[in-house]
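# Results of the structural survey
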Amino acid sequence: MRFTTAGSVDDGKSTLIGRLLYDSKSIFEDQIEAVKKSSERKGLAHVDLSLLTDGLRSEREQGITIDVAYRYFATPKRKFIIADTPGHIQYTRNMVTGASTANLALVLVDARHGVIEQTCRHSYIASLLKIPHVIVCINKMDLVNYSEEAYNKVVEQYEELASKLDITDIRFIPISALNGDNVVNKSTNMNWYTGSSLLDTLETIHISSDENHLDARFPVQTVIRPHQDEYHDYRAYAGRVAGGVFRPGDEITVLPSGLTSKIKSINTFGGTIDEAFSPMSVSISLEDDIDVSRGDMIVKTDNQPEVGQDLDVLLCWMATKPPRPGAKYYLKSTTNEVMAIIKEVTYKIDINTMGEMVEDTNIKMNDMARVRMRITRPLVYDEYRKNRITGSLILIDDATNETVAAGTILA
Amino acid sequence: MSKYSLTHLQELESEAIYVIREVVAQFDRPAILFSGGKDSIVVTHLARKAFWPARIPMPLIHIDTGHNFIETMEFRDNLVDELGIQLIVGSVQQAIDKGRAVEEQGINASRNELQIVSLLDAIEEHKIDAAIGGARRDEEKARAKERFFSHRDDFGQWDPKNQRAELWNIFNGRKRMGEHFRVFPISNWTEMDVWNYILQENIPIPSLYFAHEREAVYRDNTWLPNSDFLVLREGEKIEKKLMRFRTLGDITITGGIESEADTLEKIVAEISATRSTERGNRSDDKRSDTSMEDRKKQGYF
């Protein structure tokens, strides 16, 4: 299970992650020793857990996190990958990066302050990137005397915010990360709360149905043709299933060419298999010798994605320089690469109010905007809300080779 | 549980195979950096799965410090034979002889940092544009911020402050002439995942990982193996120990642990009970808080 967290310096995020790692015994003795020694050298009164992961020289010097950090912990029930995104610098860019691969977002709210601008921003990004599950941790309950009333007030505020969002599964948990209330074990300080602890929720939340198992999509990465006598006529298409289920005998269409065939076999190192579903990496052999190469998508004939050259895209701009007017960018989506231009900025989004700004269409770093794009060759895609893999894209500046934007396809 | 779900290990495997295939599709002259350690062995195994039944479509690169475990070298040669692929060796000794690198002096001298010169030379000589490595984000804090596709400038250097954003599983491998990429398919694996995978797939690994009797000296909380390159300090003495190694590097910097684990099952059990990190026995990481970052910036693995 992959989840993302975001927050500012004082909302207790580091403490919460430190506690999850420590209580699940994922921090080793020599790591704790090293952090203790560094903390002492710096004259700190307490052990600074952020030193565990703020590993870069400039981060340690400035005492800030400048990049998404990945952390790992496991319990007997589940393994977790945390994309921990920093609160201040390049806020949107880092949150979007962390959210792009997450099944779940952890939103921290200070029980004393309730829903603030930052809560809105984080929740909105989770909604735009279609993270299926959100857990709202109402933290620092110890500072409001573990009051049910204070908790209910925040829940009410958040539910009002959530009514404007597109998140299917939202849960609330009152916690104190500092004292460990409801983090790993159920708290005895809040008997009025009848739900599970945070770790228990993370361990049991149902995520396997988040994958799209309806619309069969197979972007071709490369063609496997062994130049060995024993596999003389072998030819298979290597890729990772991006949606749905494929079986031998399925009628398929190759897009964008429209050529059709049937699946002869689905191959893996361990032998041929009866079905392949997302996110499995396999190779597929077809009955007919047709032209298929990298960038093509194999789909079931009775369920086809969109193919087109005009896209409505929600862009998150990540480069320091704004887009150059009329400039061409490389657009990458699944295994495809085409040239694209931004024809028109429909509106920019006020990330704090979720409002549309029609007047202001100058895109700057960390802005989110809805744009119209025109691409040089037809692209095979789905709407992002239908499929997070076939509906996502990045833009690359052809002058610097930098990734300048992330996009979700709206239509 | 839905019928259509993968285990955590299957998901990690699928992700790694996807990444390795992206490398071969996006680059002209990729290679696998092979140290003889368990992580690069797992990466090689994944590459074999990714292109089966074809051979792995790229060579292995081994940087030879001249201070090797004999077992590692034998293992490497057998593997290359079995896979039927090319092996490129970058020699630190040669770099020293040519005056490209200068041997470290002092009691803790090692050729660890000198590998950077030989590695970058090998990459340049063979025009490698993507070097696949077995580094994991969980093993070291500077590695926690690595991308899957990590860009290197034309001096082979890493700029941690200016990394490309990496979203979903779309990898940007665009580069200018002379630049290259380091790619880390098992970024998201933990040490435990690697061992569980080796057990699940029954992947052969060098005998050094299993408990065996060996001469060693106790230094800096670890058992340093006896070798022609070991210089004893005052008061130190060589002892016979039943031990094994948790990581493998150059023989002069790799410390072992006392252990009776002589099967994969016992190793997995030992590691799940352990309370210290695997790199705790590596003297190359103990030089400073940011020694890994400093080496990585220059072009280290």
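For every chain, the first residue of the written sequence is number 1, and numbering continues from 1 along that sequence. Chains and ligands are labelled by the order in which they are written, letters from A for the one and numbers from 1 for the other. It should be noted that, the model being predicted, local features are given only for residues of pLDDT at least 70 and side-chain atom pairs only at 80 or more, the latter also being counted only at that level, while totals for whole chains, interfaces and linings use all residues.

## Quick look at unusual backbone geometry
Put simply, A:L255 and A:P256 share a cis peptide bond, and its omega is 10°. By definition, any uninterrupted DSSP run of H or I lasting at least four residues is a helix, any uninterrupted run of E lasting at least two residues is a strand, and each is numbered from the N terminus. Mapping A:P256 onto the fold places it in the loop between β10 (251-255) and β11 (259-268). The linkage connecting B:W52 with the following residue, B:P53, adopts the cis geometry, with an omega of 5°. Relative to the assigned elements, B:P53 resides in the loop between α2 (38-51) and β2 (60-64). For A:T334, which is not glycine, the phi dihedral falls at a positive 45°. By secondary structure assignment, the location of A:T334 is in the loop between β17 (328-333) and β18 (336-350). Whether a residue is buried, exposed or partly exposed follows from its count of other C-beta atoms within 10 Å of its own C-beta, namely 20 or more, 12 or fewer, or something in between, respectively; the C-beta atoms are built from the backbone. Residue class for A:T334 comes out buried when judged on the 28 C-beta atoms lying within 10 Å of it. At B:W168, a residue that is not glycine, the phi angle is positive and equals roughly 45°. With respect to the helices, strands and loops of the structure, B:W168 is situated in the loop between β5 (149-152) and β6 (180-183). A count of 20 C-beta atoms within 10 Å places B:W168 in the buried class.

## Details of the domain arrangement of chain B
Residue and element names in this part refer to chain B. Reported domain spans reflect what an automatic or database domain assignment gives. In terms of domain boundaries, chain B breaks down into domain 1 (8-193 + 289-298) and domain 2 (203-283). Centre-to-centre separation of domain 1 and domain 2, based on C-alpha positions: 23 Å. Facing 23 residues of domain 1, the contacting portion of domain 2 comprises 20 residues. Looking at which element gives the most residues to the side of domain 1 that touches domain 2, the answer is α2, with four residues. Gly is put with the polar residues, along with every residue not named as nonpolar or charged; the nonpolar set is Ala, Val, Leu, Ile, Met, Phe, Trp, Tyr, Cys and Pro, and the charged set is Asp, Glu, Lys and Arg. Of the residues in the side of domain 1 that touches domain 2, the class split is six nonpolar, 11 polar and six charged. A residue pair is marked as a contact if its C-beta atoms, positioned from the backbone, fall within 7 Å.

## As for the domain arrangement of chain A
The parts lose accessible area when they come together, and the size of an interface is often stated as this lost area. All names here are of chain A. For chain A, the assigned domains read domain 1 (2-209), domain 2 (217-300) and domain 3 (306-409). Taking only C-alpha atoms into account, the centre of domain 2 sits 30 Å from that of domain 3. With 11 residues of domain 2 at the interface, the matching set in domain 3 holds nine residues. At four residues, strand β7 (residues 217-224) tops the list of elements feeding residues into the side of domain 2 that touches domain 3. A per-class count over the side of domain 2 that touches domain 3 returns six nonpolar, three polar and two charged.

## Some words on the nonpolar core
Across soluble globular proteins, you tend to see nonpolar side chains buried next to one another. A:A105, A:C137, A:I284, B:I20 and B:I32 are the most contacted members of the largest nonpolar core, which totals 172 residues. Residues within four places of A:A105 in sequence aside, it is in contact with A:F3, A:T4, A:A99, A:A126, A:I131 and A:V134. B:A211, B:A216, B:W223 and B:L224 belong to the second largest nonpolar core, which has five residues in total. Take the buried Ala, Val, Leu, Ile, Met, Phe, Trp, Tyr and Cys residues, join any whose C-beta atoms are within 7 Å, and the set you get is a nonpolar core.

## A short note on helix α3 (residues 70-83) of chain B
Taking 1.5 Å of rise per residue, 14 residues should cover 20 Å, and α3(B) covers 20 Å from first to last C-alpha, within 8% of that figure. Immediately downstream of α3(B), the backbone of B:G84 shows phi near 65°, a positive value. In a helix, the anticipated span is given by 1.5 Å times the number of residues less one.

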